[in-house]
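A look at the structure
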Amino acid sequence: MNILGISGSLRAASFNTALLHAAQELAPAGMSIAIHRLHDLPLFDQDVEDQGDPEPVAALKQAIDNADGLFLACPEYNGGITGVLKNAIDWASRSGRDRHTAVLAGKIVCIAGASPGITGTVRAQDQLRLVLRRAGAQTEPLGEVLVFQAHTKIVDGRLADERTRDALARHLQSYATRLAALRG
Ligand code: FNR
């Protein structure tokens, strides 16, 4: 299973990007997670889209299309998802000039998130599920990984907390099981 991993934060020391790196380490046998960075993605502009997808947009859509599933590391800003992540979803939700189907449609998406606060991105994750559903993606229904007080668990860019590592590993295993079941 080739999974595309995306962090909703551009920050070099991002807790969510660290979570993504931990997911790469903890992915079960048979699953690999490749990270796609959003740093070059322009802001969505329908006038630009009308002229054809810019290269970073085309690359994002191609990477999503090629992947068996997505792992989204979801930060929380003001009780919702970051503009960075919403922007990527907005681009990817569009069928574009050259495609009949939007690449997010039908994708099975695994979500986790980290925040220094005590709610661990629960509000952003709920919002992310709604947005993804509108874009035709499915979010796996098995549990949540909410890394609260992330600054105590992620040290020097590494997820160090063993209980959280176990929870993330179980989350990924559930995701793998679900993907395999849907494949039949
Ligand atoms: C935040 N932060 C935050 N945290 C949270 O748990 N709930 C929230 O609603 C918000 N709101 C918020 C708004 C803005 C504009 C910023 C910049 C930050 C704190 C946020 O969780 C923290 O900065 C994380 O470190 C962001 O994730 P990364 O960059 O570490 O992945």
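Placed above this text is the structure.
This write-up is about the structure you can find in this document.

Calculation notes
- Residues numbered from 1 in each chain as written.
- Predicted model: local features only at pLDDT ≥ 70, side-chain atom pairs only at ≥ 80, totals over all residues.
- Heavy atoms only, no water.
- Helix = DSSP H or I, 4+ residues; strand = E, 2+ residues; numbered from the N terminus.
- Expected span 1.5 Å × (residues − 1).
- Buried < 20%, exposed > 50% of the residue type's maximum accessible area, 1.4 Å probe, protein only.
- Arc of directions from axis to C-beta.
- Near = heavy atom within 4 Å.
- Polar contact = N/O pair within 3.5 Å; in protein donor to acceptor, adjacent residues only side chain to side chain.
- Areas by Shrake-Rupley, 256 points an atom, 1.4 Å probe, with all protein chains shown as cover.
- Nonpolar A, V, L, I, M, F, W, Y, C, P; charged D, E, K, R; others polar.

An α-helical turn contains 3.6 residues, so a residue and the one three or four places further along point in the same direction. Taking 1.5 Å of rise per residue, twelve residues should cover 16 Å, and helix α3 (residues 55-66) covers 16 Å from first to last C-alpha, within 8% of that figure. The complete set of buried residues in α3 reads Val57, Leu60, Lys61, Ala63 and Ile64. For α3, the arc enclosing every buried residue in end-on projection is 160 degrees, short of the 170-degree limit, so these residues lie on one face. In α3, the exposed residues that point more than 90 degrees away from the buried face are Glu55 and Asn66.

Attention shifts here to the site of the ligand. Neighbouring the ligand are 13 residues; Ser9, Arg11, Ser14, Asn16 and Ser115 lie closest to it. Separating an oxygen atom of the ligand from a backbone N or O atom of phenylalanine 15 is a distance of 2.9 Å. With respect to the ligand, the side chain of asparagine 16 contributes an N or O atom lying 2.7 Å from an oxygen atom. Contact with the protein chains covers 71% of the free accessible surface of the ligand, which is 610 Å². Class assignment for the residues of the shell around the ligand results in four nonpolar, six polar and three charged.

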